[in-house]
Structures are given as C-alpha cells and as structure tokens.
Amino acid sequence: MGDATDTLRIDERWTRTVCEIVESHLTGPSESAIEAMRLRLLELAFRPECPQAEGLYAATDVTHYRRHLLAGTEASPYSCLLIQWPAGHATPLHDHDGLWGIELVLDGALQVEEFRKDESPGTDGLVHARTLVLGVGDAAAFTDPRYVHRCRNLSARKPALSLHIYGGMLERFNTFEPDVAGRYQPSRYVTRVDSVGGLAGI
Ligand SMILES: [Fe+2]
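Structure report, in brief. Fair warning: this is a prediction, and the values are worked out from it, not measured in the lab.

## Some words on the overall build of the chain
Inference 1: In terms of helices and strands, the chain carries four helices and twelve strands.
Inference 2: On C-alpha atoms alone, the chain measures out to a radius of gyration of 17 Å, which is about the 17 Å that the 2.2 N^0.38 rule sets for 202 residues.
Inference 3: Split into buried and exposed, the 202 residues of the chain put 49% on the buried side.
Inference 4: A separation of at least 24 residues holds for 75% of the contacts in the chain among residues at least 6 apart in sequence.
Inference 5: Only carbon and sulfur atoms are counted for the fraction: they give 51% of the accessible area of the chain, which is about 9,800 Å².

## Some thoughts on the pattern of salt bridges
Inference 1: Following the criterion strictly, the structure yields twelve salt bridges and no others.
Inference 2: Arg 38 is paired through a salt bridge with Glu 35; the nearest N and O atoms lie 2.9 Å apart. One end of the pair, Arg 38, and the other, Glu 35, are both in helix H3 (residues 31-41), three residues apart, so they sit about a helical turn from each other.
Inference 3: Looking at Arg 38, the relative accessible area reads 17%, which means it is buried.
Inference 4: On the basis of relative accessibility, which here comes to 33%, the residue Glu 35 falls in the partly exposed class.

## Focus: helix H2 (residues 12-24)
Inference 1: Compared with the 18 Å implied by 1.5 Å per residue over 13 residues, the 18 Å span of H2 between its first and last C-alpha is a close match.
Inference 2: Three or more residues of H2 are buried, namely Trp 14, Thr 15, Thr 17, Val 18, Cys 19, Ile 21 and Val 22.

## Here's the deal with the coordination of the iron ion
Inference 1: Protein-derived ligands of the iron ion are His 94 (NE2), His 96 (NE2) and His 149 (NE2), with the metal-ligand distances lying across 2.2 Å.
Inference 2: One chain supplies every donor to the iron ion, and in sequence these donors are spaced H-x1-H-x52-H. Of the two residues, His 96 is situated in the loop between strand S3 (93-94) and strand S4 (101-107) and His 149 in strand S8 (residues 147-153); the sequence distance between them amounts to 53 residues.

## As for the environment of Gln 52
Inference 1: By the secondary structure assignment, Gln 52 is in the loop between H3 and helix H4 (53-56).
Inference 2: Accessibility expressed as a relative area gives 36% for Gln 52, which makes it partly exposed.
Inference 3: Separated by ten residues in sequence, Gln 52 and Leu 42 have C-alpha atoms that sit 15 Å apart.
Inference 4: In this view, Gln 52 contacts Leu 106, Asp 107 and Leu 161; residues no more than four positions away in its chain are not counted.

## Observations concerning the state of the cysteines
Inference 1: Under the defined criterion, the tally for this structure stands at zero disulfides.
Inference 2: Cys 19 forms no disulfide, and the closest cysteine sulfur to it belongs to Cys 80, at a distance of 4.5 Å.
Inference 3: Taking relative accessible area as the criterion, Cys 19 reaches 4% and is therefore assigned buried.

## Some words on the environment of Pro 77
Inference 1: Here Pro 77 lies in the loop between strand S1 (66-72) and strand S2 (79-85).
Inference 2: Among the residues examined, Pro 77 registers a relative accessible area of 51% and is labelled exposed.
Inference 3: For the pair Pro 77 and Met 169, spaced 92 residues apart in sequence, the C-alpha separation works out to 7.9 Å.
Inference 4: Non-local contacts of Pro 77, meaning those with residues more than four positions away in its chain, are made with Leu 26, Tyr 166, Gly 167 and Gly 168.

Definitions and limits used
Residues numbered from 1 in each chain as written. Predicted model: local features only at pLDDT ≥ 70, side-chain atom pairs only at ≥ 80, totals over all residues. Heavy atoms only, no water. Helix = DSSP H or I, 4+ residues; strand = E, 2+ residues; numbered from the N terminus. Rg over C-alpha atoms; globule rule 2.2 N^0.38 Å. Buried < 20%, exposed > 50% of the residue type's maximum accessible area, 1.4 Å probe, protein only. Contact = heavy atoms within 4.5 Å. Areas by Shrake-Rupley, 256 points an atom, 1.4 Å probe, with all protein chains shown as cover. Salt bridge = Lys/Arg side-chain N within 4 Å of Asp/Glu carboxyl O. Expected span 1.5 Å × (residues − 1). Donors = N, O, S within 2.8 Å, 3.2 Å for Na, K, Ca; no water. Disulfide = S-S within 2.5 Å.

Structural data, given as structure tokens:
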C-alpha cells in the first residue's frame, strides 16, 4: 500500500533509523534494553525529517484517531506505528496484551495515566502508578505485562503525533471500565490499522 505512505509523506530514512535503533536493542528484551532503546529513540523527534501531525492529517480527517503501521508483521519481534491524535482525543484505559512498549511523542503533547493490574481482593482491579505529561521528544516505556494506561492529547485545538514500538504485533488488547461495584472489568478488542506504509511487511 504505497499510496498510504505517499499520502502520509513519511521520510523513509527516518523510518529506517527507527527500525535500526529498535533492532540493535532487541536483546531479550530486558527492562534495561528497553530503557536503552527508549533513550536512543528520543532524538528522532527532533530530526528535520520527523513526521509532524499537521502534515499527516488531510483536512478532512483531522477528527479521527488513526493508527499507521510503519513496520512489522505477525512474525516480527517488534512493530512500529504512528498514531495521529485529534485535538482533545482520549483513549480508554487499555493494556497491550502483555507486550513491552515505548510510546514517543513526535508532535504536540500527551498525558499518560499509568496503572498496574491488581487482582487482589479488596482492590478495584487497577492501581494508579503515576501520571506523565509527554512533550516532543519524551517517551513512556513499559515491560510489565500488568501495565495499563490511558492517553490524552492535551491540546483542545491541535492534533498530536506519536511513535509506538511494541514487542510484536499488537493484535488484541483489553480496555477497562468499572462495573456497578466500581471494580474494573476488561473488554477484549481487536486492533485496527488505518493505513500501512513505511517498512510494513518486513
Ligand atoms: Fe497504549
């Protein structure tokens, strides 16, 4: 689907650099390797060829949350996605199906509220860990399979753009909503990819 790449105007050198950095840190993966990968990826947000939110959104689809697969197949040890965030868009609480991940802001700012699943009796099922505000060049990383978060574009007026690296193809995930007793219950979903390009299919 080369058309999607052309439409999104993503610089191929930039995408290749993303993949080279990720592949050079795929040793395990351990928490320290993921942290090293996270630190190495940050400068990609400041490269002149880094994609920008306004440039990627066509005037007609600026209201849609979009996931663009840059690299990865079902057999790959990792996948890379660009996510386009409309102004003010917020995700539900969700996990990443046990995969490790890195989420790097390329344009705009995201709020990330982080939780940990806790099945202990007497809890509501999720324990709040921390809340992050990520600007351009900031990234959250996670390796704990119990990790849950929700993310929000902090701007009410401007779209945002982020790069997501996962330890495989994120094909399914759970969202979490409180039941009548206030306990968070999972609902299972299949992920949707809106466009494919870059080095997808490798
Ligand atoms: Fe996420």
